[in-house]
Amino acid sequence: MKNIATPALFAFMLGFAACQFGTEAKKEKHDIFTDTLVYNYQKIHERAPDCGEKADSACTVVNINYPVFKNMPMLNDTIVKKIAQLVIMDDSKPDTNLTVMAKKFIQSYLDYKKKEPSRDMFYTMDSYAKVLMQDSALITLEYGGFNYQGGAHGSTFTGFINWNPKAGKKIMLNNIIADGKYPELTKVAEGIFRKDEKLSDTSSLARDYFFKDNKFALNDNFSLTPIGLRFVYNPYEIKPFAAGQTELIIPYPSIKNILRPNSAVSQYVK
């Protein structure tokens, strides 16, 4: 799997930021890396009837793990909807009840086995949402997982929810970037992308990438971190499946002049 920011580098940067901002947080009375809200993780585990004594890894199983926040119904609803959108069966709308969705997934496997009893194959749904960090101005969650329902390979996805706990709504990119400055953000991002991909400023993106019209573009799959904006392109989005996910980190110092004042990331910008 080829990542723009290697896991080791990102871990180091995040660790460094945690130390730096953790110290500043105490001085500024921000509670960046300490939970400020009450939540519990809800687990859903379903196994197909034919699993018997088989291990979960050898039969059709559903595993869903996600946080449920106290007194935050809109956030909870958003989390459930995001997880439900990862799997849509029979061209239907996503379920709003994850337990019902899990049972439907098992039933879809059983229906398949009735049609193809000789096929030695099983389905997998492994979905999650997890809290990456939170403070009084920001909750960042990651959601995603792995899903397999036949075919050459399963599908993987990683997405993010950036939440304003005071306003009770998602934080969008235009809440962070000043009006009219998106082209400048894209320009900075492309420079970082080309450097990390070892491309010159004039190298064509036509052969190895799937960008529309062969022009670099940011997606809207991002998370707010203490060190910068983290964008994730999922498999097939801009590269072949075998290339895996691609991450792009845009440090705040490189876009400091286009950030909105008093936004959710202002506490991280020096």
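In what follows, the accompanying structure is described.

Cut-offs applied
Residues numbered from 1 in each chain as written. Predicted model: local features only at pLDDT ≥ 70, side-chain atom pairs only at ≥ 80, totals over all residues. Heavy atoms only, no water. Pairing = 2+ DSSP bridges. Helix = DSSP H or I, 4+ residues; strand = E, 2+ residues; numbered from the N terminus. Expected span 1.5 Å × (residues − 1). Buried < 20%, exposed > 50% of the residue type's maximum accessible area, 1.4 Å probe, protein only. Contact = heavy atoms within 4.5 Å. Polar contact = N/O pair within 3.5 Å; in protein donor to acceptor, adjacent residues only side chain to side chain. Axes fitted to C-alpha atoms, helices over the stretch in contact; angles between N-to-C directions. Phe/Tyr/Trp six-rings, centres within 6.5 Å; stacked < 30°, edge-to-face > 60°. Disulfide = S-S within 2.5 Å. Core = buried A, V, L, I, M, F, W, Y, C linked by side-chain atoms within 4.5 Å. Arc of directions from axis to C-beta.

## A closer look at the sheet that holds strand β5 (residues 155–164)
Phase 1: The 6 strands are arranged β1-β2-β3-β4-β5-β6 in an open sheet whose pairing can be described as mixed. Looking along the sheet, the strands with just one partner apiece sit at the ends: β1 (39–47) and β6 (169–170).
Phase 2: Direction of pairing for strand β3 (residues 124–134) relative to strand β4 (residues 139–148): antiparallel, over a ladder of 10 bridges. Paired with Asp-126 across the strands is Phe-146, a residue of β4.

## Some remarks on helix α2 (residues 73–84)
Phase 1: Its 12 residues place the ends of α2 16 Å apart at the C-alpha level, agreeing with the 16 Å of an ideal helix rising 1.5 Å per residue.
Phase 2: Taken residue by residue, α2 has Leu-75, Asn-76, Thr-78, Ile-79, Val-80, Lys-82, Ile-83 and Ala-84 as its buried positions.
Phase 3: On the buried face of α2, the contacting elements are β2 (61–69), α3 (98–115), β3, β4, β5 and β6.

## Overview of the environment of Thr-60
Phase 1: When you line up the elements, Thr-60 lands in the loop between β1 and β2.
Phase 2: Among all residues touching Thr-60, those that are not within four sequence positions of it are Glu-46, Arg-47, Ala-48, Cys-51, Ile-106, Tyr-109, Phe-122 and Tyr-123.
Phase 3: For Thr-60, the side chain forms a polar contact with the main-chain nitrogen of Tyr-123, separated by 2.8 Å.

## Structural notes on the sheet that holds strand β8 (residues 228–233)
Phase 1: The strand order across the open sheet formed by 3 strands is β7-β8-β9, and the pairing between neighbours is antiparallel. In this open sheet, the two strands that pair with only one neighbour each are β7 (222–224) and β9 (246–251). Strand-to-strand twist of the sheet, defined as the mean angle between neighbouring strand axes without regard to direction, takes the value 20°.
Phase 2: Pairing of β7 with β8 involves 3 bridges; the strand directions are antiparallel.

## As for the packing of aromatic side chains
Phase 1: The tally for this structure, following the rule as stated, stands at 15 aromatic pairs.
Phase 2: Taking the centre distance of 5.8 Å and the plane angle of 35° together, the rings of Phe-222 and Phe-231 count as tilted. Just as Phe-222 is buried, Phe-231 falls in that class too.
Phase 3: Members of the aromatic cluster, each reached through a chain of ring pairs, are Phe-193, Tyr-209, Phe-211, Phe-216 and Tyr-233.

## Quick look at the state of the cysteines
Here is the idea: a disulfide is a covalent bond, and it sits between the sulfur atoms of two cysteines.
Phase 1: Under the counting rule described, the total for this entry stands at 1 disulfide.
Phase 2: Between the sulfur atoms of Cys-51 and its disulfide partner Cys-59 the distance amounts to 2.2 Å. Disulfide Cys-51 to Cys-59: torsion about the S-S bond roughly 100°, handedness right-handed.
Phase 3: We classify Cys-51 as buried; its relative accessible area is 2%.
Phase 4: By relative accessible area, which is 4% here, Cys-59 ends up buried.

## Comments concerning unusual backbone geometry
Phase 1: Residues other than glycine seldom take positive phi values, yet Asn-71 does so here, at roughly 60°.
Phase 2: With respect to the helices and strands, Asn-71 occurs in the loop between β2 and α2.
Phase 3: Note on Asn-71: relative accessible area 69%, which makes it exposed.
Phase 4: Even without being glycine, Asn-214 reaches a positive phi, approximately 60°.
Phase 5: Structurally, Asn-214 is set in the loop between α4 (182–196) and β7.
Phase 6: Classification of Asn-214 as partly exposed rests on a relative accessible area of 40%.

## Things to note about the nonpolar core
Phase 1: Counting residues in each nonpolar core, the largest one holds 35 residues, and the members touching the most others are Ile-64, Tyr-66, Phe-69, Leu-75, Ile-79, Leu-98 and Leu-141.
Phase 2: Sorting the residues of this core by element identifies β1, β2, α2, α3, β3, β4 and β5 as the ones contributing at least two each.
Phase 3: Looking at this core element by element, the count peaks at 7 residues for α3.
Phase 4: When near neighbours in sequence (up to four residues on either side) are disregarded, Tyr-66 contacts Asn-40, Tyr-41, Gln-42, Ile-44, Ile-79, Val-80, Ile-83, Leu-98 and Ala-129.
Phase 5: The next biggest cluster of nonpolar side chains, apart from the first, holds 30 residues, and it includes Met-133, Ile-176, Ile-238 and Leu-248.

## Side note on the side chain of Thr-78
Phase 1: Its location among the elements puts Thr-78 in helix α2.
Phase 2: What Thr-78 contacts, discounting residues up to four positions off in sequence, is Ile-161, Trp-163 and Lys-170.

## Concerning α3
Phase 1: Between the first and last C-alpha of α3 there are 26 Å, a value that for 18 residues agrees with the 26 Å anticipated at 1.5 Å per step.
Phase 2: Among the residues of α3, those classed as buried are Leu-98, Met-101, Ala-102, Phe-105, Ile-106, Ser-108, Tyr-109, Tyr-112 and Lys-113. Down the axis of α3, the sector holding all buried residues measures 150°, keeping them to one side. Exposed and facing more than 90 degrees away from the buried side of α3 are Lys-114 and Lys-115.
Phase 3: Sitting at the amino-terminal end of α3 is Asn-97, which places a side-chain oxygen 2.9 Å from the backbone nitrogen of Thr-99.

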